[in-house]
Amino acid sequence: MQQAALDSTVPVVWDYHVIFMYAGSGGCLVYDLDTVLPFPFTLKKYAAQTFRCDLILLPQYHRQFRVIEAKIYLEKFASDRSHMLAEGQFIAKPPDYACIRTTESCNNIEEFISIDAAVGYGEVLNLPQFTKRFSNR
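Keep in mind that what you see is a predicted model, and the values were worked out from it rather than measured.

Reading the values: the criteria
Residues numbered from 1 in each chain as written. Predicted model: local features only at pLDDT ≥ 70, side-chain atom pairs only at ≥ 80, totals over all residues. Heavy atoms only, no water. Pairing = 2+ DSSP bridges. Helix = DSSP H or I, 4+ residues; strand = E, 2+ residues; numbered from the N terminus. Contact = heavy atoms within 4.5 Å. Polar contact = N/O pair within 3.5 Å; in protein donor to acceptor, adjacent residues only side chain to side chain. Core = buried A, V, L, I, M, F, W, Y, C linked by side-chain atoms within 4.5 Å. Buried < 20%, exposed > 50% of the residue type's maximum accessible area, 1.4 Å probe, protein only. Patch = residues over 30% accessible without salt bridge, like charges linked within 9 Å, V, L, I, M, F, W, Y side chains within 5 Å. Areas by Shrake-Rupley, 256 points an atom, 1.4 Å probe, with all protein chains shown as cover. Salt bridge = Lys/Arg side-chain N within 4 Å of Asp/Glu carboxyl O. Phe/Tyr/Trp six-rings, centres within 6.5 Å; stacked < 30°, edge-to-face > 60°. Lys NZ or Arg CZ within 6 Å of the ring centre and 35° of its normal.

*Asks:* Can you lay out the sheet that holds strand S3 (residues 41-42) for me, pointing to particular residues and giving the numbers?
*Replies:* Sheet architecture is open: three strands sit in the order S1-S2-S3, paired in antiparallel fashion. If you trace the sheet from one side to the other, it starts and ends with strand S1 (20-24) and S3, each paired once. Strand direction decides the pairing type here: strand S2 (residues 27-31) and S3, joined by two bridges, are antiparallel. Residue pairing for S3: Leu29 is matched across the bridge by Thr42.

Structure representation (C-alpha cells):
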C-alpha cells in the first residue's frame, strides 16, 4: 500500500525501497515513510497488507531484501544524489538537507541497493526468508 500506487490492486515495482525496522519486546515494527499505512506497524500486518505473493510477478520482479544493521547503514552509507539525475537535471526535487558523505565515500548507494549478495553490506533475502526471519522477533 504505497503512496505511489494509482490502484491499490496493482503492484508497485520499485528499483529499491527503504524501510526501517525495529525489533522490540512487542515484535518487529516497520517504519515506511512511503506507505499509506500508519506507522509503526507490526511486520506481520505490514507484510500482509503490502506484499502480494511473488507468484503473480515475473521472476525478475520477485522481491529481494538487503537487510543492513542500522549502525552499519549510518556509518557507511553515502549518496551524492547522482541516481536522481537524468541528463544532468534532477528528476524530482532533491531533499533540502546536504548530501550524505562518510570519511570513506561520497557515493556508494549501489552497494546498498544491489541484490547481488557478493556486493555491499548486510545480507540479501528473498520474501519468504525475510518474513520468516523477522516475523518472530
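From this point, the narrative continues.
*Asks:* How would you sum up the pairing of S1? Please name residues and give values.
*Replies:* One ladder, built from five bridges, connects S1 with S2; its direction is antiparallel. Residue pairing across strands places Ala23 opposite Cys28, the latter belonging to S2. Between S1 and S2, which pair antiparallel one after the other, the connecting turn spans two residues.

*Asks:* Can you lay out the environment of Gly120 for me, pointing to particular residues and giving the numbers?
*Replies:* Locating Gly120 in the fold gives a position in the loop between helix H3 (109-113) and strand S7 (123-126). Sequence spacing of Gly120 and Asn136 is 16 residues, and the spatial spacing of their C-alpha atoms is 26 Å. Residues within four places of Gly120 in sequence aside, it is in contact with Arg66 and Glu111.

*Asks:* Can you explain the side chain of Thr50? Please cite residues and give values.
*Replies:* Here Thr50 is to be found in helix H1 (residues 43-50). One polar contact links the side chain of Thr50 to the main-chain carbonyl oxygen of Tyr46, over a distance of 2.6 Å.

*Asks:* Could you give an account of the nonpolar core, naming the residues involved and the relevant values?
*Replies:* Grouped together as the largest cluster of nonpolar side chains are 13 residues, with contacts concentrated most on Leu43, Tyr46, Phe51, Phe65, Phe130 and Phe134. Of all the secondary structure elements, the ones that give two or more residues to this core are S2, H1 and helix H4 (127-135). Ignoring any residue separated from it by four or fewer positions in sequence, one finds Phe51 in contact with Tyr46, Arg63, Phe65, Leu127 and Phe130.

*Asks:* Which residues make up a nonpolar patch on the surface, and what values go with them?
*Replies:* Together, Val13, Leu58 and Tyr61 make up a nonpolar patch on the protein surface, roughly 300 Å² of accessible area in all. Structurally, the position occupied by Leu58 is in the loop between H1 and strand S4 (64-67).

*Asks:* Provide a residue-level description of the pattern of salt bridges, including the pertinent values.
*Replies:* By the definition in use, this model includes five salt bridges. Notably, a salt bridge pairs Arg63 with Asp54, separated by 2.6 Å at the nearest N-O pair. On the basis of relative accessible area, Asp54 is assigned to the buried category, the value being 11%. The residue Glu104 makes a salt bridge to Lys76 at a minimum N-O spacing of 2.9 Å. Here Glu104, found in the loop between strand S6 (89-90) and H3, pairs with Lys76, found in helix H2 (residues 70-76); they are 28 residues apart in sequence, far enough to count as distant. For Glu104, a relative accessible area of 56% puts it in the exposed group.

*Asks:* Tell me about the packing of aromatic side chains, and please be specific about residues and values.
*Replies:* Applying the stated rule across the entire model yields 10 aromatic pairs. Each ring, one from Tyr73 and one from Phe77, has its centre 5.0 Å from the other, and the planes form 15°; the classification is stacked. Overall, Tyr73 belongs to the partly exposed group, its relative accessible area being 31%. In textbook terms, an aromatic cluster arises when at least three aromatic residues are bridged by ring pairs, as seen for Tyr46, Phe51, Phe65, Phe130 and Phe134. When the ring centre of Tyr97 is taken as reference, the NZ or CZ atom of Arg81 above it lies at 5.2 Å.

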